[in-house]
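Okay, here's what each chain looks like letter by letter:
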Amino acid sequence: MEALALIGVLALVYVSFTISASAGLGGSLVMVPTLVLFVGSKEGVALAALFLASNNVMKIIAYRRTLPFRAAAWIVALIVLGAALGSTLLVRAPTYAVTIGVIAMFAMSVIAERFDVTAVRTGFAPLLSFASGASSGFSGTSGPLKGVAIRNLDLDRRHFVGAASLASFAGDATKTAIFAEAELLGRSSVLLALAAVPLMALGTWTGSTLNERAGEQTFAILFWTVMTGYSVRLGILLA
């Protein structure tokens, strides 16, 4: 990989770390297509899982005072199960079918939140959690599903990012273990991951600072901006 291309990749990786630490999620929105473009599809998804799992360790440290273990426990468990299933069994699933399902569930969740249909939001949360892990397992990103599932916990912005960090770490660590066993991560991927460690720390600090300074309304705008970005990318894939 040429030096200029490497600098470009690391710059986008830093952006993804910052987005993830400020909104709680969204890092894969930038990172997965970047790494897939530069190192190939399978290795790119596997490397993104390694990057994001490592970055979530730093996010957990940064948000250690606002980690809602009890509230997020069942979401974490379902995401791990979904990620394991997605990484091993859903690789051959038709992309268009998964995309349609993701968009449909996202739309229904947005409507439920918009009109404060508490029963519907709560009922969809387990399905969204499991589906987010599964879709992340075979595509590298959970899209809006994980965000909407955690949003259903009605946490403030700091606890939301804490919950997202716990859930993301669990899912990405599960995927990384499966991908490592399948030998999808080569020597160049490991070296690139080591080079990104300082960016993880810097991105986490930047994102955490932005989150702390933002009000709840600003955070809500940031959250739904990330969700819209996911949906736009899903729409492009569907087309």
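Scroll up a little and you will see the structure.
First, a word on what this report is: a plain description of the structure on this page. (Residues numbered from 1 in each chain as written. Predicted model: local features only at pLDDT ≥ 70, side-chain atom pairs only at ≥ 80, totals over all residues. Heavy atoms only, no water.)

**As for the packing of aromatic side chains**
Logical step 1: A full pass over the atoms with the stated rule returns 1 aromatic pair.
Logical step 2: On the numbers, 6.4 Å between centres and 45° between planes, the contact of phenylalanine 17 with phenylalanine 51 is tilted. A residue pair is termed long-range when its members are at least 10 positions apart, and phenylalanine 17 in helix 1 (residues 3-23) and phenylalanine 51 in helix 3 (residues 41-62) qualify at 34 residues.
Logical step 3: Looking at phenylalanine 17, the relative accessible area reads 0%, which means it is buried. (Phe/Tyr/Trp six-rings, centres within 6.5 Å; stacked < 30°, edge-to-face > 60°. Helix = DSSP H or I, 4+ residues; strand = E, 2+ residues; numbered from the N terminus. Buried < 20%, exposed > 50% of the residue type's maximum accessible area, 1.4 Å probe, protein only.)

**Quick look at the packing of helix 9 (residues 187-195) against helix 10 (residues 197-213)**
Logical step 1: Their axes nearest at 4 Å, the elements helix 9 and helix 10 cross at an angle of 40°. Taken together, the axes of helix 9 and helix 10 lie oblique to each other. Each of Ala193, Leu194 and Ala195 in helix 9 lies in contact with helix 10, whose residues at this interface are Val197, Pro198 and Met200.
Logical step 2: Its residues assigned to classes, the contact of helix 9 with helix 10 comprises 6 nonpolar, no polar and no charged. (Axes fitted to C-alpha atoms, helices over the stretch in contact; angles between N-to-C directions. Parallel < 35°, antiparallel > 145°, perpendicular 65-115°, else oblique. Contact = heavy atoms within 4.5 Å. Nonpolar A, V, L, I, M, F, W, Y, C, P; charged D, E, K, R; others polar.)

**Details of the side chain of serine 22**
Logical step 1: Checked against the element boundaries, serine 22 lands in helix 1.
Logical step 2: Within polar-contact distance, the side chain of serine 22 engages the backbone oxygen of isoleucine 19 at 3.0 Å.
Logical step 3: When sequence neighbours within four positions are dropped, the list of residues in contact with serine 22 reads Val161, Gly207, Leu210, Asn211, Phe219 and Leu222. (Polar contact = N/O pair within 3.5 Å; in protein donor to acceptor, adjacent residues only side chain to side chain.)

**What about the nonpolar core?**
Logical step 1: Membership of the largest hydrophobic core comes to 19 residues, with the highest contact counts inside it found for Ile75, Ile150, Phe160 and Ala167.
Logical step 2: For this core, the secondary-structure elements that each account for two or more residues are helix 4 (69-88), helix 8 (157-181) and helix 11 (216-238).
Logical step 3: Per-element tally for this core: the top contributor is helix 8, with 7 residues.
Logical step 4: Among residues more than four places away in sequence, those in contact with phenylalanine 160 are Ala23, Leu25, Gly147, Ile150, Arg151, Leu155, Phe219 and Phe223. (Core = buried A, V, L, I, M, F, W, Y, C linked by side-chain atoms within 4.5 Å.)

**Examining a nonpolar patch on the surface**
Logical step 1: On the surface, a nonpolar cluster with roughly 330 Å² of combined accessible area is contributed by Val190, Leu191, Leu194 and Val197.
Logical step 2: In this structure, valine 197 sits in helix 10.
Logical step 3: You can call valine 197 partly exposed: its relative accessible area is 35%. (Patch = residues over 30% accessible without salt bridge, like charges linked within 9 Å, V, L, I, M, F, W, Y side chains within 5 Å. Areas by Shrake-Rupley, 256 points an atom, 1.4 Å probe, with all protein chains shown as cover. Salt bridge = Lys/Arg side-chain N within 4 Å of Asp/Glu carboxyl O.)

**Some words on the packing of helix 4 against helix 8**
Logical step 1: One can describe the packing of helix 4 onto helix 8 by two numbers: an axis separation of 8 Å at closest approach and a directional angle of 25°. Viewed along their axes, helix 4 and helix 8 adopt a mutual orientation that is roughly parallel. As helix 4 packs across helix 8, the resulting crossing turns out to be right-handed. Residues Phe69, Ala72, Ile75, Val76, Ile79, Val80, Ala83, Ala84, Ser87 and Thr88 of helix 4 form the contact with helix 8, whose own contacting residues are Ala163, Leu166, Ala167, Ala170, Gly171, Thr174, Lys175, Ile178 and Phe179.
Logical step 2: Here the residues of the contact of helix 4 with helix 8 sort into 14 nonpolar, 4 polar and 1 charged. (Left-handed = near helix turned anticlockwise from the far one by under 90°.)

Everything listed is a geometric property; what it means functionally is a separate question.
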